[in-house]
Amino acid sequence: MSGPKSNELTKLLYKFPKPNRWQQGIGAELPEAYKKFWKEWKLDRPKPVHWIDKEGKYERWTDGTIRPIQNVDIPLKYPKELDKGIWGGEAVIQGMMKPKHKKRRYVHYWVPQLKRSVVYSEILNKYMNTIVTDRTLNLIHQHYGFDHYILSTKACDLRSLLALNLKRNMLIALYDKTLYPDDPVKQEEVYEKYKHYTEGYTREEIEWYGYSYEEACKMLMINKKKSMVTVPLKVKFREELIQMLKEEKLELVKDEEPVDSEPKSWLSKLNIFKSNSNKSATE
Amino acid sequence: MWASWKSAFAATPFVAKTLLNATPNLFPQQTRTTIILERVYPIRLHKKGSGERRMEKKDFIYKRVDKDKKKQAPLSIILTQYVEGVGEKGDKVNMKRQKAYTHFLLPGLAVYASPENMKKYYIEQDDQKTNSSLYAPNTVKVLSRCCLIVNLSVDNPWTIEKWHVRANFRKMNVFVTDDAITLPEKPISGPNLDYEGKEFYITLTINKTETVKVRCKIHHDTFIYSKELPLVPEYWKIPGKAIFEEDQEILDSLPRPKWEDTMTVKD
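Here the structure is a predicted model, which is why all the values come from computation and not from measurement. (Residues numbered from 1 in each chain as written. Chains lettered and ligands numbered in written order. Predicted model: local features only at pLDDT ≥ 70, side-chain atom pairs only at ≥ 80, totals over all residues. Heavy atoms only, no water.)

### Side note on the overall build of chain B
Stage number 1. The secondary structure content of chain B amounts to six helices and eleven strands.
Stage number 2. Long-range contacts, defined here as pairs at least 24 residues apart, represent 57% of the contacts in chain B between residues at least 6 apart.
Stage number 3. Of the roughly 18,700 Å² of accessible surface on chain B, 56% is carried by carbon and sulfur atoms. (Helix = DSSP H or I, 4+ residues; strand = E, 2+ residues; numbered from the N terminus. Contact = heavy atoms within 4.5 Å. Areas by Shrake-Rupley, 256 points an atom, 1.4 Å probe, with all protein chains shown as cover.)

Next up, the structure:
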């Protein structure tokens, strides 16, 4: 065997797959709907924001050789503050700068410029004071509205929990048609505008959309507790006792009818020496 | 702040470069737009079957790509109602992004000019308009607040004519035609020092549609220095009495410049 494929296979032989959170514990019990969202959120490749991908498959280098194009992402950092705002795919970059050839490199963090702005959601009918970047506002303009932007972008591009929570609330409002309960005319108008966004989802998938792992586990535990019905043991034992008493009565009735058979009392069962004496005799 | 200092220095090329103003840019990350980076040393290629290489320290050295800033294109919006100084209902207007967002889209005065909205909200304008022009309401607002001083001679006899008003408007950089001016019905003639500092009003018509009432104040003037009346400082702040008593109500109802509200009335 030779070639790259065989190489991969041989490597696999010596590898023992690491246990992950989906194989045991609460993680294994999480529904398939949540796992689907998780994949969209964490495993899909987001669109490049802080760098520009090269297009095409091959390129010619300056020395004349033709080489493949391999786009390697710049690693991004997602601080916890990201979850409180809508940054439009931007994140913090930890890297280094080197001003000149013979100068020492030094560490540098590139942080996006944040600002406060109001965003308006037509589905939820709410004005929200949020932390955004200029890119977010540009994306909102590009999609002709905040709702269109949130509903049409993938979870890996939205990234923040705030945006994902808003998306879930919007999807639930559209799926159940609970938007604008007082104004049926406006409701129909807005529903017609956005209803095509719910096509890819089932009701369960929408319910599990936009939760972090910890939140999802909490949800699961709460749902479990709700579904569990605890019956006190005394009720169970009482039922058993009643059953036993009923059976005994029946037996008594049966025993009274045939006279010839020997009446057996419970004391005879407790005769310890009976069985032993028999055994010893035979031996 | 640093940026403003830098720009101030850049605007004065004759200033020699000293130690103070020759400082390098201390905050190179200070940009509003998205940061776009590039590796200084291009990353080594990995083999076809295997995954990506483990990164070296060299692979974390970046440089900025987006050095030259581009101006953002204006945002086009459609108005859903008449907005003074901007346009009619159904007008398509191009505007700066931030202004369009905060002042028009968020309050619901306008919608995005998306292809769906163009079908729904866009109206091709006919002759029916609330105003003769976009800026007419603004001129009405300005003219109704102003106090026009009409300078008249002490030596020669006069009755107020249209050209008096026109000439005095010209001092204020307002150019009026004779057709636009309508004087009060009763003639005012002088020289009469009882009229000094007293008020009357005229009506102006803008584009033959809108009308404004403008407050005018009479002031006697002369070329002879000894005959000159003492100059009252900030005369426009002092509310004067009307020449014709029946006009007093109208003159009081006209809006005054904002600073006058705090003034105490002198007798």
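### Considering the sheet that holds strand E11 (residues 210–221) of chain B
All names here are of chain B.
Stage number 1. If you walk across this open sheet you meet the four strands as E6-E11-E10-E8, and the pairing is mixed. Of all strands in the sheet, those with a lone pairing partner are strand E6 (147–153) and strand E8 (181–182), marking the two edges.
Stage number 2. Two elements, E8 and strand E10 (residues 199–206), share two bridges in a ladder whose sense is antiparallel. When the sheet's bridge partners are listed, Thr182 is paired in E10 with Thr203.
Stage number 3. Strand contacts of helix H4 (residues 136–145): E6, E10 and E11, with the helix running at about 30° to E11, the strand carrying the most contacts. (Pairing = 2+ DSSP bridges. Axes fitted to C-alpha atoms, helices over the stretch in contact; angles between N-to-C directions.)

### Some points on the interface of chain A and chain B
Stage number 1. At the junction of the two partners, chain A supplies 43 residues and chain B supplies 36 residues.
Stage number 2. Both sides together, the interface formed by chain A and chain B hides about 3,500 Å², and carbon and sulfur atoms give 59% of it.
Stage number 3. Counting every contact that joins chain A to chain B gives one salt bridge.
Stage number 4. The shortest N-O distance in the salt bridge between Glu189 of chain A and Lys120 of chain B comes to 3.0 Å. (Buried area = accessible area lost by both parts, 1.4 Å probe. Salt bridge = Lys/Arg side-chain N within 4 Å of Asp/Glu carboxyl O.)

### Some words on the UniProt feature "domain: Ribosomal protein L9" (unreviewed entry) in chain B
Stage number 1. Annotation from UniProt places "domain: Ribosomal protein L9" (unreviewed entry) at residues 76–121 of chain B.
Stage number 2. As a span, residues 76–121 of chain B carries 35% helix and 24% strand, and end to end its C-alpha atoms are 13 Å apart. (UniProt positions renumbered as here; feature names shortened; annotations may be inferred.)

### What to know about unusual backbone geometry
Stage number 1. The peptide bond linking Gly190 of chain B to Pro191 of chain B adopts the cis configuration, its omega dihedral lying at 5°.
Stage number 2. Tracing the chain through its elements places Pro191 of chain B in the loop between strand E9 (189–190) and E10.
Stage number 3. Positive phi, normally seen in glycine, also occurs at Lys177 of chain A, with a value near 55°.
Stage number 4. Tracing the backbone through its elements, the reader meets Lys177 of chain A in the loop between helix H7 (161–176) and helix H8 (184–194).
Stage number 5. On the basis of relative accessibility, which here comes to 32%, the residue Lys177 of chain A falls in the partly exposed class.
Stage number 6. The phi torsion at Lys208 of chain B lies on the positive side, around 60°, for a residue other than glycine.
Stage number 7. With respect to the element layout, Lys208 of chain B can be found in the loop between E10 and E11. (Buried < 20%, exposed > 50% of the residue type's maximum accessible area, 1.4 Å probe, protein only.)

### Overview of the pattern of salt bridges
Residue and element names in this part refer to chain B.
Stage number 1. Counting across every chain of the model gives 19 salt bridges over all chains.
Stage number 2. The shortest N-O distance in the salt bridge between Arg44 and Glu56 comes to 3.0 Å. Remark: Glu56 occurs in the loop between strand E1 (37–39) and strand E2 (62–64) and Arg44 occurs in the loop between E1 and E2; sequence separation between them is twelve residues.
Stage number 3. Exposure remark for Arg44: the relative accessible area of 48% places this residue in the partly exposed category.

### A few points about helix H3 (residues 32–43) of chain A
Residues and elements named next belong to chain A.
Stage number 1. Helix length check: H3, at twelve residues, gives a terminal C-alpha distance of 15 Å against a target of 16 Å (1.5 Å per residue), a fit within 8%.
Stage number 2. Within H3, burial applies to Ala33, Tyr34, Lys35, Phe37, Trp38, Glu40 and Trp41.
Stage number 3. Of the surrounding secondary structure, the elements contacted by the buried residues of H3 are helix H2 (26–29), helix H6 (155–158), H7, helix H9 (203–207) and helix H10 (213–227). (Expected span 1.5 Å × (residues − 1).)

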